[in-house]
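Coordinates in review
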Amino acid sequence: MIASGSNSNSPPLLEARGILKTFPGVRALQNVDATFYPGEVHAVVGENGAGKSTLMKVIGGIHLPDDGEVLVDGQPEVIDSVGRATELGIAFIHQELNLADNLSIGANVFLGREPKKAGPLGMIDNKQIHEETEVYLKQLDFKMPSTTLVRDLSIGQQQIVEIAKALSQNARLIIMDEPTSSLTQHETDRLFEVIAQLKSQNVCIAYISHRLTELTQMADTATVLKDGENSGELTRDQMTHENLVSLMVGREVSEFYKKTERERGEVLLEVEDLVVPGQENHPLNFEIHAGEIVGMAGLVGAGRTELSRVLFGIDQAVSGTIKVAGKSVSIRSPQDAIANGIALVPEDRKQQGLILELSVKDNTILAGLDRYQKSKFTQHSKLREVSDAMVDKLLIKTPTIDQEVQLLSGGNQQKVVLGKWISLGPRILLLDEPTRGIDVMAKEEIYRLMEQMAKEGVGILMISSEMEEVLGMSDRILVMHEGEIAGNLEGDAISEEGIMRLATGAK
């Protein structure tokens, strides 16, 4: 594993000072500071939405800050493009690798910067490309020839190609966003060896990861963000799992989470040894009772959304059993799920939950349109009656049910998605990020609806990346980590620290 210690006695390579970045309705960064030194692994840590990626995108030239400054080698710089970041020696290796799989390693390393032969035709000098690429591959102790097509490489090998590309650009600061999320343990170990080599060459690695165990093993320092602000900075000897978690958490639960007294009824949904595609080694087992709200926590990529898609029939389970009210059911399509009383509010309302060009009325009744037909004729008066009832029940702010959904606010759009399913009277409601991108008042109204439905006996599985929401709304909490259920927290066992420890792989 990588040796401890950083090169913080040297002058800073890059300093971010007082960085402020706002997007519509969201303040992503508020006066954030971070200092990066040559020859160190600098972890950038925080919960989902803490501002890690936004900070790195400011440094990498993808976003311009609204305020604050970035200094490189002590000099203020305006990094207004990826090209400018590259000129300053900054490279960004994204979680989704940016390679052309039909081209060779060498062609990818020099893509867009191909050396040309002398002469009027200016033809690409492939010999120079491969000779220079071989130098970088040797530097990284990578054995594949530079003529190998990228499609023939594993994900781990493709990451090494991305690093070779960064070296070819004379990168001094390489940003790695969740670099081990798709790697095997062997590939992860190899990546860490490469990082050690880069450190020895005085390259700084800005390392974003949810895997806290990795950071305690190989990072020299950590900047922890919480709600877009600095929460603290840890040196190598301070970097324990507990210290990282304590800086990542600690927010108070808002007063508008008001749980009502409810009785837990029969088991409505039971999952037995369910295997989700891509997670063949992690069979899932859990149950949801009538009248309870079960939160499902976990970090990005833990497998929560993939599970919801299987339960709703969008994707097919590899194996296992799904039971509804004690009866085994076959759910091979959303129609099967709906017939068994299961509804899904997806995480992306605009792409998956609504047809934006249609009206509030048309969206509200879309999932149950066949219920409002008599002798093959649509009962239009019934459609308006149902839609009006949902607008009243959910307090949807719209001038008329004929208003196009795309003209409503995000919160009201989300209520329309909820109304579409509530109108069908589901027994089991799957909510994937139910309050993403909506304001506080709209959130409170959705929480009220969830409580009301649970009180009426609906079983609710709520997937959420917002810690306050999970803590404030859940009767119990299932925590997922890398495709498996790492724990089931109830009663006094429910805490922010407990969730984060399970979500980040602590045993």
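Just above sits the structure.
So, how was this worked out
Residues numbered from 1 in each chain as written. Predicted model: local features only at pLDDT ≥ 70, side-chain atom pairs only at ≥ 80, totals over all residues. Heavy atoms only, no water. Pairing = 2+ DSSP bridges. Helix = DSSP H or I, 4+ residues; strand = E, 2+ residues; numbered from the N terminus. Buried < 20%, exposed > 50% of the residue type's maximum accessible area, 1.4 Å probe, protein only. Axes fitted to C-alpha atoms, helices over the stretch in contact; angles between N-to-C directions. Contact = heavy atoms within 4.5 Å. Phe/Tyr/Trp six-rings, centres within 6.5 Å; stacked < 30°, edge-to-face > 60°. Core = buried A, V, L, I, M, F, W, Y, C linked by side-chain atoms within 4.5 Å. Salt bridge = Lys/Arg side-chain N within 4 Å of Asp/Glu carboxyl O.

Moving on: the pairing of strand S22 (residues 484-490). As paired strands, strand S21 (residues 476-481) and S22 are joined by 6 bridges and run antiparallel to one another. Paired with Val479 across the strands is Gly487, a residue of S22. In this structure, the hairpin formed by S21 and S22 is closed by a connection of 2 residues, where Glu482 is found at a positive phi of approximately 50°.

Attention shifts here to unusual backbone geometry. Of note in this structure, Asp141 is not a glycine but carries a positive phi near 55°. Residue position: Asp141 is located in the loop between helix H4 (126-139) and helix H5 (155-168). Although it is not a glycine, Leu395 adopts a positive phi angle of roughly 55°. Residue class for Leu395 comes out partly exposed when judged on its relative accessible area of 42%.

What follows covers the sheet that holds strand S2 (residues 26-36). Taken together, 4 strands build an open sheet; the order of strands is S2-S1-S4-S5 and the sheet is antiparallel. Taken across any chain shown, the strands that pair with only one partner, and hence form the sheet edges, are S2 and strand S5 (75-77). Along the sheet, successive strands turn relative to each other by an average axial angle of 30°, direction set aside. Sheet topology places strand S4 (residues 67-72) next to S5; 3 bridges connect them, and they run antiparallel. Bridge assignment links Val70 to a residue of S5, and that residue is Glu77. In the packing of helix H1 (residues 52-59) onto the sheet, contacts are made with strand S1 (14-23), S2 and S4, and the angle to S2 comes to roughly 65°.

Here the focus is the packing of aromatic side chains. Counted according to the given criterion, the structure contains 1 aromatic pair. Relative to Trp421, the ring of Phe312 has its centre 5.5 Å away and its plane inclined at 85°; by these criteria the two rings are edge-to-face. Highlighted residues: Phe312 in the loop between helix H9 (304-311) and strand S14 (319-324) and Trp421 in helix H14 (residues 410-422), separated in sequence by 109 residues. Like Trp421, Phe312 is buried.

In this structure, Phe286, Leu311, Leu429, Met450 and Ile460 are the most contacted members of the largest nonpolar core, which totals 63 residues. Ranked by residues supplied to this core, first place goes to helix H15 (residues 440-455) with 7 residues. Counting 59 residues, the second largest nonpolar core, distinct from the first, contains Val109, Phe110, Val150 and Met176.

In this section: the pattern of salt bridges. Considering all chains together, one arrives at 21 salt bridges under this definition. In this structure, Glu77 engages Arg84 in a salt bridge whose closest nitrogen and oxygen atoms are separated by 2.8 Å. Residue classification places Glu77 among the partly exposed positions, given a relative accessible area of 22%. Put simply, Glu15, Arg17 and Glu69 are held in one network by salt bridges that share partners.

Counting buried positions along strand S3 (residues 41-45) yields 5 of 5 residues, so the element is predominantly enclosed. Every second residue of S3 is oriented toward a common face, with Val41, Ala43 and Val45 on one face and His42 and Val44 on the other, all of them buried. Where S3 and strand S8 (residues 204-208) come together, 4 bridges link them in parallel fashion. Residue pairing in the sheet places His42 in a bridge with Ala206 of S8. Where S3 meets strand S9 (residues 221-226), 4 bridges bridge the pair, whose relative direction is parallel. Residue pairing for S9: His42 is matched across the bridge by Thr221.

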